[in-house]
Amino acid sequence: LWLALDLPRMYNMRPAELDDDEDELSPFGFCAALAERKGYRLARGRGALDIHRAGLEVLKDCVDGAVCLAFAPPAPAAAAPDPRPTG
């Protein structure tokens, strides 16, 4: 999902919200930024970000059709030779 879609653009995330230590944003970093933006916090985790809930929201949006996920069909394979003997 992360490789197929530009999720930060689809969720209108600004570069300032996507502060990540690495050169490229990871799926975990995106979910953490989304959890912070939506205010998802763990009740028992002393206010830690609920990254799991943010990831589930992205998947729910895909299932519900809010995020359009479509792939091109695979190219037809060349016809394999018939393994049965002729004659």
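Before any of the text, the structure's been laid out above.
Everything in this summary refers to the structure shown in the same document.

Cut-off values and rules
- Residues numbered from 1 in each chain as written.
- Predicted model: local features only at pLDDT ≥ 70, side-chain atom pairs only at ≥ 80, totals over all residues.
- Heavy atoms only, no water.
- Helix = DSSP H or I, 4+ residues; strand = E, 2+ residues; numbered from the N terminus.
- Buried < 20%, exposed > 50% of the residue type's maximum accessible area, 1.4 Å probe, protein only.
- Lys, Arg positive; Asp, Glu negative; His and termini not counted.
- Salt bridge = Lys/Arg side-chain N within 4 Å of Asp/Glu carboxyl O.
- Contact = heavy atoms within 4.5 Å.
- Expected span 1.5 Å × (residues − 1).

**With respect to the side chain of Asp61**
Moving on, step 1. Examined against the element boundaries, Asp61 turns out to sit in helix H3 (residues 51-64).
Moving on, step 2. Comment: no salt bridge for buried Asp61; closest opposite-charge side chain is Lys60, at 4.9 Å.
Moving on, step 3. With residues near it in sequence (within four places) discarded, Asp61 still touches Tyr11, Ala66 and Val67.

**Some thoughts on helix H2 (residues 27-38)**
Helical geometry: 3.6 residues make up each α-helical turn, so side chains three or four residues apart lie on a common side.
Moving on, step 1. The first and last C-alpha atoms of H2 sit 16 Å apart over twelve residues, in line with the 16 Å expected at 1.5 Å per residue.
Moving on, step 2. Those residues of H2 that sit buried are Gly29, Phe30, Cys31, Ala32, Ala33, Leu34 and Ala35.
Moving on, step 3. Among the structural elements, helix H1 (7-10) and H3 are those in contact with the buried residues of H2.
Moving on, step 4. Note on H2: the residue one or two positions beyond its end, Gly39, has a positive phi of about 80°.

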